[in-house]
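Listed here are the chains, written in short residue letters.
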Amino acid sequence: MLTFLKVKGFAIIDELQIEFSDGFNVITGETGAGKSIIINALSTLMRTKVSSDIIRTKADQAEILGHFFYKDQEFILKRIVSTHGRSRSFLNGEPITTTRLSELGDTLINIYGQNEFHYLLDRENYISILDSLLYLDNERTTLSEKVQTLRRCESELSAKKGEIEGQEKEMALLDFQIDEIDQAALQENEEERVKENLKIIKDAEKIQASLNAIYEGLYEGEESVHGVIKRFTGLLKPFRDIDTLQGLMERIETISYDMEDISLQIRELEKGIVFDPGELQRLDERLQRIYELKSKYGKSYGEIKKYAASARERLAYLKTLTTDIDGLEKKRTSLAQEVQHLAQRLSEERKKGTKSVEKAIVNELGFLSMKGMQFHIEISNKGTIDENGMDDIDFLISTNPGEPLKPLRKIASGGELSRIMLAIKRVIGGDEGKTLIFDEVDAGIGGRVADLVGKRLQDLASKHQVICITHLPQIATYADRHFLVEKVFAKGSARTEIKQIDNSERVQEVARMMGGATITEKTIQRAEEMIRHATKGIH
């Protein structure tokens, strides 16, 4: 139930607040006063998409807040729309997505406007209407979920079959690639080592000559570095017992030992540095092999190893495809049988229940002054099964005795659509905690028919909170609570205001709705009589 609605900066609404009650709430006012704008604001609160065009001129933003109670739970929904077209949504003060807000809206309210009455003109909606009438929504949801599962299975099966078509070629390629990488037996940092060894072999003679020259300069001959240092040591030996010279002598001896070590290292290096044409070719071929693998499988040792691991995983997967396809074939067969069974059972339930639904709707239409109208639900097999089942459904009517049945969507007038929708809603019944909002339910009707529609709305209000915008006094008189919308002009701009009116104001409003601009004493008396009789249940 909607208990409170606050609208600010919306269309021509500056700011207004409304406290609704349970039962039948009616909203009236002059044409153009902004009655439907209030419902539009409530609809905007629940819609996923909204334009900044709804913001009042010169306002920074539009703000709509609705306070609901539903099945012992409190819901305070709020939406703020900025001039940039962005909107923010809140539930009990906490941010939520607009999708979640819309879902809550579907749970809390149903809005029946002119567009909703034209819902009956779209044949695709008839299945959901019929299933609601027959309380088969859960069965259709079960079928829908099973159909979607079947489609996913078929999609996966098709994809795997597509993969297996090229399986042999791909497996052969993967085998070759894995073998090529394994045979190469790459090692980490091998490329750098090969490059270094190639440089050494290519310049072996130059390196050997350089090392030999260094060796001779360091170690051989009296004028070598080693020979000179030994002479220095000999010069200082007689003075070894002098402390101030002992430290210097030890340092010179250390240098001499270092020269010996360096000379030995040079001789060892010379032994390993040999110009070997065969080794040069082998290393060059190895480097080219490394480059080839890098060009195919990755820019580094790590990437090549990663590619090999991925190829092994893919190869293992392809080898299991045949087993997977066999399993999916069996699963698809089983799901198809389940879908066929569920669709068949749903179709049977629909056909079994149509007679009682047709009778209930015809009786309700008779009450709404559409006696003699025939209403028939035609169910045929559409040849395929989808989320809605195997049935193709059409609503047929005959507005006068003796006339053949024709599709409702082709011959029903606006007034007839309003009453048929109201009749369907009354037959469905539905969630008693939900708020039902009727905007322009009186389109195309008047007189006694309007009185009957008002009575039916009052009946609906015994199980639902009903909020109705109307131009007709016959409907307004049945309300438990009456709100008046007025357009007020101030400071060069117009704004919409709303207030709940008391009994005397209500009489004046009903009289205005009956008599237009001129309200006579007789009009007042007739308005009082209509309200009195509506309260007692008679007009």
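Residues numbered from 1 in each chain as written. Predicted model: local features only at pLDDT ≥ 70, side-chain atom pairs only at ≥ 80, totals over all residues. Heavy atoms only, no water.

Chemist: Is there a simple way to explain the overall build of the protein in this structure?
Modeler: In terms of helices and strands, the protein carries 18 helices and 15 strands. Relative to its length of 539 residues, the protein is extended, with a C-alpha radius of gyration of 46 Å against a globular reference of 24 Å. Taking all 539 residues of the protein together, 43% fall into the buried category. Looking at the protein alone, contacts between residues at least 24 apart form 68% of all its contacts between residues at least 6 apart. Of the accessible surface of the protein, which amounts to about 29300 Å², a share of 49% is contributed by carbon and sulfur atoms. (Helix = DSSP H or I, 4+ residues; strand = E, 2+ residues; numbered from the N terminus. Rg over C-alpha atoms; globule rule 2.2 N^0.38 Å. Buried < 20%, exposed > 50% of the residue type's maximum accessible area, 1.4 Å probe, protein only. Contact = heavy atoms within 4.5 Å. Areas by Shrake-Rupley, 256 points an atom, 1.4 Å probe, with all protein chains shown as cover.)

Chemist: Explain the pattern of salt bridges here, please?
Modeler: Opposite charge on two side chains lets them pair, provided their charged atoms get close. This structure, assessed with the given rule, holds 31 salt bridges. For Arg512, the salt bridge goes to Glu30, with nearest N and O atoms at 3.5 Å. With a gap of 482 residues between them, Arg512 in helix H17 (residues 503-515) and Glu30 in the loop between strand E3 (24-29) and helix H1 (35-46) connect regions that are remote in the sequence. By relative accessible area, Glu30 is classed as partly exposed at 46%. The partner of Arg123 in a salt bridge is Asp392, and the shortest N-O contact between them spans 3.5 Å. Remark: Asp392 occurs in strand E10 (residues 389-398) and Arg123 occurs in the loop between helix H3 (114-117) and helix H4 (126-133); sequence separation between them is 269 residues. (Salt bridge = Lys/Arg side-chain N within 4 Å of Asp/Glu carboxyl O.)

Chemist: Help me understand helix H18 (residues 521-536) in this model?
Modeler: An α-helix turns once per 3.6 residues; consequently, residues spaced three or four apart project the same way. The terminal C-alpha atoms of H18, which comprises 16 residues, lie 23 Å apart, in line with the 22 Å expected from a rise of 1.5 Å per residue. What H18 keeps buried is the set Thr523, Ile524, Ala527, Met530, Ile531, His533 and Ala534. For H18, the secondary structure elements touched by its buried residues are helix H15 (447-460), helix H16 (473-476) and H17. (Expected span 1.5 Å × (residues − 1).)

Chemist: I tried to follow H17 on my own but got confused; where do I start?
Modeler: The terminal C-alpha atoms of H17, which comprises 13 residues, lie 18 Å apart, in line with the 18 Å expected from a rise of 1.5 Å per residue. Taken as a whole, H17 has its buried residues at Arg506, Val507, Glu509, Val510, Ala511, Arg512 and Met513. Buried residues along H17 sit in contact with E3, H16, strand E14 (481-490) and H18.

Chemist: What exactly am I supposed to notice about the sheet that holds strand E11 (residues 406-407) here?
Modeler: Within a beta sheet, neighbouring strands are joined by backbone hydrogen bonds and run either parallel or antiparallel to one another. Here three strands make up an open sheet; going across it, the order is E9-E10-E11 and the pairing antiparallel. Of all the strands in the sheet, the pair left with one neighbour each is strand E9 (374-386) and E11. Looking at chain direction, E9 and E10 are connected through nine bridges and run antiparallel. In the sheet register, Gln374 faces E10, and the bridge partner there is Ser398. (Pairing = 2+ DSSP bridges.)

Chemist: Would you explain the layout of surface pockets in this entry?
Modeler: Over the atoms rolls a probe the size of a water molecule, and its path tells where empty space is left. Computed from the structure, the second largest pocket encloses a volume of approximately 190 Å³. Every element with two or more residues in the lining of the second largest pocket is listed here: helix H7 (190-202), helix H11 (277-297) and helix H12 (301-367). The greatest single-element share of the lining of the second largest pocket, amounting to three residues, is contributed by H7. Class assignment for the residues of the lining of the second largest pocket results in four nonpolar, three polar and six charged. (1 Å grid on protein atoms, 1.4 Å probe; cavity = no way out; pocket = protein on both sides within 12 Å on 5 of 7 lines; lining within 4 Å. Points joined across faces, edges and corners; volume = space filled by probe spheres on them. Nonpolar A, V, L, I, M, F, W, Y, C, P; charged D, E, K, R; others polar.)

Chemist: Help me understand the packing of aromatic side chains, please; the structure alone is not making it clear to me.
Modeler: Aromatic ring pairs are described here by two measures, namely the spacing of the ring centres and the angle between the planes. Counted by the stated rule, this structure contains four aromatic pairs. Taken together, a centroid distance of 4.9 Å and an interplanar angle of 40 degrees make the contact between Tyr297 and Tyr307 tilted. Residue Tyr297 is found in helix H11, and its partner Tyr307 is found in helix H12; the two are separated by ten residues along the sequence. A relative accessible area of 7% places Tyr297 in the buried class. Seen from their ring centres, Phe375 and Phe395 are 5.4 Å apart, and the 55 degrees between their planes marks the pair as tilted. Of this pair, Phe375 sits in strand E9 while Phe395 is found in strand E10, placing the two residues 20 residues apart along the sequence. A relative accessible area of 5% means that Phe375 is categorised as buried. One aromatic cluster in this structure is built from Tyr126, Phe375 and Phe395. One Lys or Arg, Arg456, reaches over the ring of Phe367 and ends 3.7 Å from the middle of that ring. (Phe/Tyr/Trp six-rings, centres within 6.5 Å; stacked < 30°, edge-to-face > 60°. Lys NZ or Arg CZ within 6 Å of the ring centre and 35° of its normal.)

Chemist: Whenever I open this one, the pairing of E3 confuses me. Can you help?
Modeler: Put simply, side chains in a regular strand alternate between the two faces of the sheet. Counting buried positions over the six residues of E3 gives six, a clear majority of the element. Alternating residues of E3 divide into Phe24, Val26 and Thr28 and Asn25, Ile27 and Gly29, and every residue in both groups is buried. Bridge analysis of E3 against strand E13 (residues 465-469) gives four bridges, and the strand direction is parallel. Its bridge partner lying in E13, Asn25 is registered against Ile467. With five bridges connecting them, E3 and E14 associate as parallel partners. Residue pairing across strands places Asn25 opposite Arg481, the latter belonging to E14.

Chemist: For this particular structure, what's the right way to read the sheet that holds strand E6 (residues 87-91)?
Modeler: The strand order across the open sheet built from six strands is E2-E1-E4-E5-E6-E7, with neighbouring strands paired in antiparallel fashion. The sheet is open, and its two borders are formed by strand E2 (13-19) and strand E7 (94-96), each paired with just one other strand. For this sheet the average axis-to-axis angle between neighbouring strands, irrespective of direction, equals 20 degrees. Direction of pairing for strand E1 (residues 2-10) relative to strand E4 (residues 61-70): antiparallel, over a ladder of six bridges. The residue of E4 that forms the bridge with Leu5 is Gly66. Its contacts with the sheet place H1 against E1, E2, E4 and strand E5 (73-82), and it is angled at close to 95 degrees to E1. In the packing of helix H2 (residues 98-108) onto the sheet, the strands contacted are E4, E5, E6 and E7, and the crossing angle to E5 comes to about 130 degrees. (Axes fitted to C-alpha atoms, helices over the stretch in contact; angles between N-to-C directions.)

Chemist: Looking at this structure, I do not really get the packing of helix H5 (residues 137-165) against H12. What am I missing?
Modeler: When two helices pack together, their arrangement is given by the angle between their axes and by how far apart the axes lie. The geometry of H5 relative to H12 is characterised by a closest axis approach of 8 Å and an angle of 155 degrees between their N-to-C directions. Between H5 and H12, the crossing angle belongs to the class labelled roughly antiparallel. Along this stretch, H5 crosses H12, giving a crossing that reads as left-handed. (Parallel < 35°, antiparallel > 145°, perpendicular 65-115°, else oblique. Left-handed = near helix turned anticlockwise from the far one by under 90°.)

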